[in-house]
Amino acid sequence: METIRGWVLKKREHGNIIFIDLRNRDGITQCVVRRGNVSNEDWNKAEELTQESSIILKGEWRLEDRAPKGREFVVNGIEIVHLAETPYPLGKKEHSPETLMEKRHLAVRGQRYQAIFRVRSEILRASREYFMNNGYIEVSPPIIVTTACEGGATLFKIDYFDTPAYLTQSSQLYLEIMIFTYEKVWCLAPSFRAEKSRTRRHLAEFWHLEAEAAWMNLDELMKLEEELVSYICHSVAERCPYELKLLNRNPEELLGIEPPFKRISYEEAIEELRKEGVNINVGDEIGGDEEYILTKKHNKPIFLVGYPLKYKPFYVKELKDKSGMGATVDLLAPEGYGEMATGGEREDNIEKLIERIKGEGFNPENYDWYLDLRRYGSVPHAGFGMGIDRLTWWICKLDHIRDAVPFPRLFRTGKMI
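Asker: Hey, could you go over the overall build of the protein chain for me, with residue numbers and the actual values?
Answerer: Of the regular secondary structure elements, the protein chain holds 13 helices and 16 strands. Overall, the C-alpha framework of the protein chain stretches about 85 × 55 × 40 Å when taken along its three principal axes. A total of 417 residues make up the protein chain; the buried ones form 51% of that total.

Asker: Run through a nonpolar patch on the surface, naming residues and quoting values.
Answerer: A cluster of nonpolar side chains, namely Ile 144, Tyr 160 and Phe 161, defines an oily patch on the protein surface of about 350 Å² accessible area. If you trace the backbone, Phe 161 turns up in the loop between β8 (156–160) and β9 (163–167). For Phe 161, a relative accessible area of 71% translates into the label exposed.

Asker: Just give me the short version of the layout of surface pockets, but keep the residues and values in it.
Answerer: As a volume, the largest pocket reaches approximately 1,100 Å³. Along the wall of the largest pocket there are 44 residues; nearest its centre are Glu 150, Arg 193, Glu 195, Glu 339 and Thr 342. Taken together, the elements giving at least two residues each to the lining of the largest pocket come down to β11 (205–214), α10 (288–295), β14 (325–333), β15 (338–345), β16 (381–387) and α13 (388–395). At 6 residues, the largest contribution of residues to the lining of the largest pocket is made by β15. Its residues assigned to classes, the lining of the largest pocket shows 14 nonpolar, 16 polar and 14 charged. For the second largest pocket, the calculated volume is near 870 Å³. Taken together, 28 residues form the lining of the second largest pocket, with Leu 90, Gly 91, Lys 93, His 95 and Gly 110 sitting closest to its centre.

Asker: Can you break down the packing of aromatic side chains residue by residue, with the values?
Answerer: A complete count under the given rule lists 18 aromatic pairs for this structure. With a centroid separation of 5.1 Å and 70° between ring planes, the pair formed by Trp 61 and Phe 73 is classed as edge-to-face. With Trp 61 in strand β4 (residues 54–63) and Phe 73 in strand β5 (residues 71–82), this residue pair connects regions lying 12 residues apart in the sequence. Assessed through its relative accessible area of 25%, Trp 61 is described here as partly exposed. When the ring of Phe 131 is compared with that of Tyr 136, the centres are 5.1 Å apart and the planes differ by 65°; the resulting orientation is edge-to-face.

Asker: So what's going on with the nonpolar core? Which residues, and what values?
Answerer: Core analysis: the biggest nonpolar cluster contains 59 residues, and Val 119, Phe 131, Ile 232, Val 236, Phe 384, Trp 394 and Ile 395 have the highest contact counts within it. Of all elements in the fold, only α3 (104–107), α4 (111–133), β11, α6 (218–239), β14, β15, β16 and α13 reach the threshold of two or more residues within this core. The biggest single contributor to this core is α6, with 10 residues. Counting 18 residues, the second-largest nonpolar core is a separate cluster that includes Cys 149, Leu 353, Phe 362 and Tyr 367.

Asker: Explain helix α9 (residues 266–275) to me, and be specific about the residues and the numbers.
Answerer: Turning to α9, its buried residues are Tyr 266, Ala 269, Ile 270 and Leu 273. Mapping the buried residues of α9 onto a view down its axis gives an arc of 100°, with all of them on the same face. Turning to α9, the residues buried within the fold contact β12 (262–265), α10, β13 (302–308) and β14. Downstream of α9 by one or two residues, Gly 277 has phi in the positive range, about 90°.

Asker: How would you sum up α6? Please name residues and give values.
Answerer: Note: α-helices contain 3.6 residues per turn, so residues at a spacing of three or four share the same orientation. Between the first and last C-alpha of α6 there are 32 Å, a value that for 22 residues agrees with the 32 Å anticipated at 1.5 Å per step. The residue sitting at the N-terminus of α6 and contributing the capping side-chain oxygen is Asn 217; that oxygen lies 3.2 Å from the backbone nitrogen of Asp 219.

Asker: Describe the sheet that holds β9, naming the residues involved and giving the relevant values.
Answerer: Backbone hydrogen bonds are what pair the strands of a sheet, in a parallel or an antiparallel way. One open sheet accounts for 3 strands, arranged β7-β9-β8; its pairing is antiparallel. Taken across any chain shown, the strands that pair with only one partner, and hence form the sheet edges, are β7 (144–145) and β8. Sheet topology places β8 next to β9; 5 bridges connect them, and they run antiparallel. Each bridged residue has a counterpart across the sheet, and for Lys 157 the counterpart in β9 is Tyr 166.

Asker: How would you explain the sheet that holds strand β3 (residues 27–34) if you had to name every residue and give the values?
Answerer: Pairing in this closed barrel of 5 strands is mixed, and the strands run β1-β2-β3-β5-β4 around the ring. Within this sheet the neighbouring strands show an average axis-to-axis angle of 55°, counted without direction. Sheet topology places strand β2 (residues 17–24) next to β3; 8 bridges connect them, and they run antiparallel. Paired with Leu 22 across the two strands is Thr 29, which belongs to β3. Across the sheet, helix α1 (residues 40–48) lies against β1 (2–14), β2, β3 and β5, angled at about 85° from β5, the strand it touches most.

Asker: Account for the environment of Glu 291, with residues named and values stated.
Answerer: Following the sequence through the fold, Glu 291 ends up in helix α10. What Glu 291 contacts, discounting residues up to four positions off in sequence, is Arg 201, Ile 286, Leu 332, Gly 338 and Glu 339. A polar side-chain atom of Glu 291 sits 3.0 Å from the main-chain amide nitrogen of Glu 339.

Asker: Describe the pattern of salt bridges, listing the residues and the values that go with them.
Answerer: The tally for this structure, following the rule as stated, stands at 31 salt bridges. Of the charged contacts, one joins Glu 227 and Lys 223 as a salt bridge, the two residues approaching to 2.6 Å between their closest N and O atoms. Placement of the pair is Glu 227 and Lys 223 together in helix α6, with a separation of 4 residues, close to one helical turn. Residue Glu 227 is classed as partly exposed on the basis of its relative accessible area of 25%. Exposure remark for Lys 223: the relative accessible area of 46% places this residue in the partly exposed category.

Asker: Would you mind going over the pairing of β13 in detail, with residue names and values included?
Answerer: The buried fraction of β13 amounts to 6 of the 7 residues, a majority that puts the element mostly inside the structure. Strand direction decides the pairing type here: β13 and β14, joined by 6 bridges, are antiparallel. The partner of Leu 304 across the bridge, within β14, is Asp 330.

Thresholds applied
Residues numbered from 1 in each chain as written. Predicted model: local features only at pLDDT ≥ 70, side-chain atom pairs only at ≥ 80, totals over all residues. Heavy atoms only, no water. Helix = DSSP H or I, 4+ residues; strand = E, 2+ residues; numbered from the N terminus. Buried < 20%, exposed > 50% of the residue type's maximum accessible area, 1.4 Å probe, protein only. Patch = residues over 30% accessible without salt bridge, like charges linked within 9 Å, V, L, I, M, F, W, Y side chains within 5 Å. Areas by Shrake-Rupley, 256 points an atom, 1.4 Å probe, with all protein chains shown as cover. Salt bridge = Lys/Arg side-chain N within 4 Å of Asp/Glu carboxyl O. 1 Å grid on protein atoms, 1.4 Å probe; cavity = no way out; pocket = protein on both sides within 12 Å on 5 of 7 lines; lining within 4 Å. Points joined across faces, edges and corners; volume = space filled by probe spheres on them. Nonpolar A, V, L, I, M, F, W, Y, C, P; charged D, E, K, R; others polar. Phe/Tyr/Trp six-rings, centres within 6.5 Å; stacked < 30°, edge-to-face > 60°. Core = buried A, V, L, I, M, F, W, Y, C linked by side-chain atoms within 4.5 Å. Arc of directions from axis to C-beta. Contact = heavy atoms within 4.5 Å. Expected span 1.5 Å × (residues − 1). Polar contact = N/O pair within 3.5 Å; in protein donor to acceptor, adjacent residues only side chain to side chain. Pairing = 2+ DSSP bridges. Axes fitted to C-alpha atoms, helices over the stretch in contact; angles between N-to-C directions.

Encoded structure:
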């Protein structure tokens, strides 16, 4: 006889049989209580059970094609650990996004969220495995910083022992420090952007996977990104097929994500958008709406190569053969999801770097430590940052990025846990 423990997700009574859908770390298990298999006391306990009650069941496994994952648990004994109150705040009816945000501590118990976060966990595991297998050293950069990385308009200001400081926008500058020790480094850490954006793809706090490597150029960077994303997709497809199907994502679609990814230049993207009827010209920004158009017909990620330097941060290197264009690359998720990673070559010439810092209105003295990297052993290098939440958003085919993270931080007011 075996024992399983968990929480009651659903209960269905059919005469002398009670079906219990039990939720635990293994997912959802169909448990069958037959009146003839249990004592009268245990039968009464089964009838008494409410949604989210915590229980311990004794019994045995049996193959059953109609049950989730092809087997069910035949119950011989029931112990109620806690009988949950009724009615449950998130019952069977549909709930608004506002209600699900307010009751997030309960909403994450749902089967859909359980599938999403199991996929997310596998994305993180596969990411770490890929970098370990390819000679990258994981580092732990600070969250509290004193300088901007992505422009001053989206900084969250804090009081750091009576000294002005900020929550980091990116760990990139600190990763650049570490390449002079380890050559190839990466990290997974939260980043913060004080953007007042109410879109389906923006978070104020997001989990940022970033990597930097010495001696790397733009082509080598794209090879790194496409190999990483393909590795992640294959791992998720192989380890989470049940969860993917529950989320309406065919695992075969992820197994089809293979290098190389299509590369289009910024100018080619502008031309393609104009053919689609978009009023846009060379020199304009390509935003979320435009990325949707560029990617909606694709089933694999694509690279958008090169971008006007005026829209990019001070550390971006200029393309040698294109004045005013940055040596950058954006990785766009297919099916209309758009940007999930951005990166490129970093400016390694100190004079040009100082000029760019001044051009953005910053004081070079505040970046003296960063400029030291160009004074002592400067080398060509490149890197990228990818939003784990956006990658999860695409892989799980979600409508809004808030569902890709357990406790989303959005541009909103009201109650927050």
